Amino acid sequence: MCLAVPGKVVEIRDEDGTRMGMVDFGGVLKDVCLEYLPDLRVGEYTIVHVGFALQRLDEESAMQSLELFRKLGALEEEFGDQWGLAARQAGERRPPGTEWSGAGTTNGEVTG
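Residues numbered from 1 in each chain as written. Predicted model: local features only at pLDDT ≥ 70, side-chain atom pairs only at ≥ 80, totals over all residues. Heavy atoms only, no water.

Observations regarding the confidence of the model for the chain
Here is step 1: Model confidence for the chain is summarised by a mean pLDDT of 76, while 62% of its residues fall at 70 or above.
Here is step 2: Low confidence marks residues 94–112, where pLDDT is under 50. Its contacts with residues over four positions away, or in another chain, come to 30 contacts. (pLDDT = per-residue confidence, 0-100. Contact = heavy atoms within 4.5 Å.)

Dropping the structure here:
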């Protein structure tokens, strides 16, 4: 099984003529192709499947989906502890000042 996971767009850039972005999955940052959603903006949520943003999603729906995945254990089963931690973090509102700051790493990212 491979899940389509909601995440928040934190950066958009052009990479060799392809619209790419950095998406935050509750602290796990991943490069994502944004070509299918040309009007998606920084700060919006999207559903990502195998590295492609497929659909815009409102924040409430994104949080509900991540909470459901967490309750079902689906992210842990699919991606291991790193994704389970991301789901738990994303399912809770972050305190002010702890949002993604533009710095970070994609080391250890998982593709699915």
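Quick word on the pattern of salt bridges
Here is step 1: Under the defined criterion, the tally for this structure stands at five salt bridges.
Here is step 2: Where Arg-13 meets Glu-15, a salt bridge forms, and the shortest distance between an N and an O atom there is 3.1 Å.
Here is step 3: Overall, Arg-13 belongs to the partly exposed group, its relative accessible area being 24%.
Here is step 4: On the basis of relative accessible area, Glu-15 is assigned to the partly exposed category, the value being 38%. (Salt bridge = Lys/Arg side-chain N within 4 Å of Asp/Glu carboxyl O. Buried < 20%, exposed > 50% of the residue type's maximum accessible area, 1.4 Å probe, protein only.)

Here's the deal with the pairing of strand E4 (residues 45–49)
Here is step 1: Summarising burial for E4: four of the five residues are buried, a large majority.
Here is step 2: Two elements, strand E1 (residues 5–15) and E4, share four bridges in a ladder whose sense is antiparallel. Across the sheet, the residue bridging to Lys-8 is Tyr-45, located in E4.
Here is step 3: Sheet topology places E4 next to strand E5 (residues 52–57); five bridges connect them, and they run antiparallel. What sits directly across from His-49, in E5, is Phe-52. (Helix = DSSP H or I, 4+ residues; strand = E, 2+ residues; numbered from the N terminus. Pairing = 2+ DSSP bridges.)

Section: the packing of aromatic side chains
Here is step 1: According to the stated counting rule, one finds one aromatic pair in the structure shown.
Here is step 2: The interplanar angle of 35° and the centroid separation of 5.6 Å between the aromatic rings of Tyr-36 and Phe-52 together place this pair among those described as tilted. Pair noted here: Tyr-36 is in the loop between strand E3 (28–33) and E4 and Phe-52 is in strand E5, with a separation of 16 residues, a long-range link.
Here is step 3: Take Tyr-36: its relative accessible area is 55%, and that puts it in the exposed class. (Phe/Tyr/Trp six-rings, centres within 6.5 Å; stacked < 30°, edge-to-face > 60°.)

Re the nonpolar core
Here is step 1: Of all hydrophobic cores here, the largest spans 14 residues; its most connected members are Val-23, Phe-25, Val-32, Leu-40 and Ala-53.
Here is step 2: Those elements that place two or more of their residues in this core are E1, strand E2 (18–25), E3 and helix H1 (59–72).
Here is step 3: Excluding residues within four positions of it along the chain, Val-23 makes contact with Gly-7, Lys-8, Val-9, Val-10, Val-28, Leu-29, Lys-30, Val-32 and Val-48.
Here is step 4: Ranked by size, the runner-up nonpolar core spans five residues in total, among them Tyr-45, Ile-47, Leu-57 and Ala-62. (Core = buried A, V, L, I, M, F, W, Y, C linked by side-chain atoms within 4.5 Å.)

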